[in-house]
Amino acid sequence: MRLLFMAKYSIDKRKAIIKISAIFSVSSEKRALTMLLDTGASYTMIPWEAAEALGLRPELSNRKANMITASGIEKVPIVMVDSIACLGKIINNSEVMVHDLPQRSHVDGLLGLSFLKHFKLTIDFREGWLEIG
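All of these numbers come straight from a predicted model, not from anything done at the bench. (Residues numbered from 1 in each chain as written. Predicted model: local features only at pLDDT ≥ 70, side-chain atom pairs only at ≥ 80, totals over all residues. Heavy atoms only, no water.)

Visitor: Give a description of the overall build of the protein chain that names residues and reports values.
Guide: A count of helices and strands for the protein chain gives two helices and 10 strands. The order of α-helices and β-strands along the protein chain, N terminus first, is β-β-β-β-α-β-β-β-β-α-β-β. A compact globule built from 133 residues should have a C-alpha radius of gyration of about 14 Å, and the protein chain, at 15 Å, falls within 12% of that. Counting only C-alpha atoms, the protein chain reaches 45 × 35 × 25 Å along its principal axes. The buried share among the 133 residues of the protein chain stands at 42%. A sequence separation of at least 24 residues applies to 57% of the contacts in the protein chain between residues at least 6 apart. (Helix = DSSP H or I, 4+ residues; strand = E, 2+ residues; numbered from the N terminus. Rg over C-alpha atoms; globule rule 2.2 N^0.38 Å. Buried < 20%, exposed > 50% of the residue type's maximum accessible area, 1.4 Å probe, protein only. Contact = heavy atoms within 4.5 Å.)

Visitor: Tell me about the nonpolar core, and please be specific about residues and values.
Guide: Counting 29 residues, the largest nonpolar core has Ile20, Phe24, Ile46, Ile84 and Phe115 as its most contacted members. Look past the residues within four positions of Ile20 in its chain and what remains in contact with it is Leu33, Thr34, Met35, Leu37, Cys86, Leu87, Leu111 and Leu130. (Core = buried A, V, L, I, M, F, W, Y, C linked by side-chain atoms within 4.5 Å.)

Visitor: Outline the packing of aromatic side chains, listing residues and values.
Guide: For the structure on display, the rule yields one aromatic pair. Arranged with centres 5.2 Å apart and planes meeting at 45°, the rings of Phe115 and Phe119 form a pair that is tilted. The ring of Trp129 has Lys8 lying over it, and the distance from NZ or CZ to the ring centre is 4.2 Å. (Phe/Tyr/Trp six-rings, centres within 6.5 Å; stacked < 30°, edge-to-face > 60°. Lys NZ or Arg CZ within 6 Å of the ring centre and 35° of its normal.)

Visitor: Now, about the sheet that holds strand E9 (residues 121-124): what can you tell me, with residues and values included?
Guide: Taken in spatial order, the three strands of this open sheet run E1-E10-E9, and their pairing is antiparallel. The open sheet has two edge strands, strand E1 (7-10) and E9, and neither has a second partner. Shown here is a sheet whose adjacent strand axes are inclined to one another by a mean of 15°, direction ignored. As paired elements, E1 and strand E10 (residues 129-132) share four bridges and run antiparallel to each other. (Pairing = 2+ DSSP bridges. Axes fitted to C-alpha atoms, helices over the stretch in contact; angles between N-to-C directions.)

Visitor: So what's going on with unusual backbone geometry? Residues and values would help.
Guide: When glycine is set aside, most residues are seen to have a negative phi, and most peptide bonds are trans. The backbone phi angle of Leu87 is positive, close to 55°, even though this residue is not glycine. Among the secondary structure elements, Leu87 is positioned in the loop between strand E6 (72-86) and strand E7 (89-98). Leu87 sits in the buried class, given a relative accessible area of 10%. A positive phi angle, near 60°, is found at His106, a position not held by glycine.

And the structure:
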């Protein structure tokens, strides 16, 4: 029998978004980013600056995915990070998209399904909490 530890976090129920801190690691490099929890995003997405700081070379990536933006469809590089630590959980060897969000978004990237699909996630906006296990 596998026991699943559920962690509960408060969210600001007055806000339309959920901001979460995450730490991305590649080799010995680590980068803390402010992420927008996005259940509609297939991939977790980090900005170019963070990818380069982690020692990744997104411009050399052979793996790309289509991303729908306000200006149309863009081909976006996908790179591999060693780990993502977020909400008390860690996943290893995860693919992430590399693309910059507009500065006015006030977050560095998106925490998408490539991370979230590994866990049970419950969000209660009325009560102001999320639970992950």
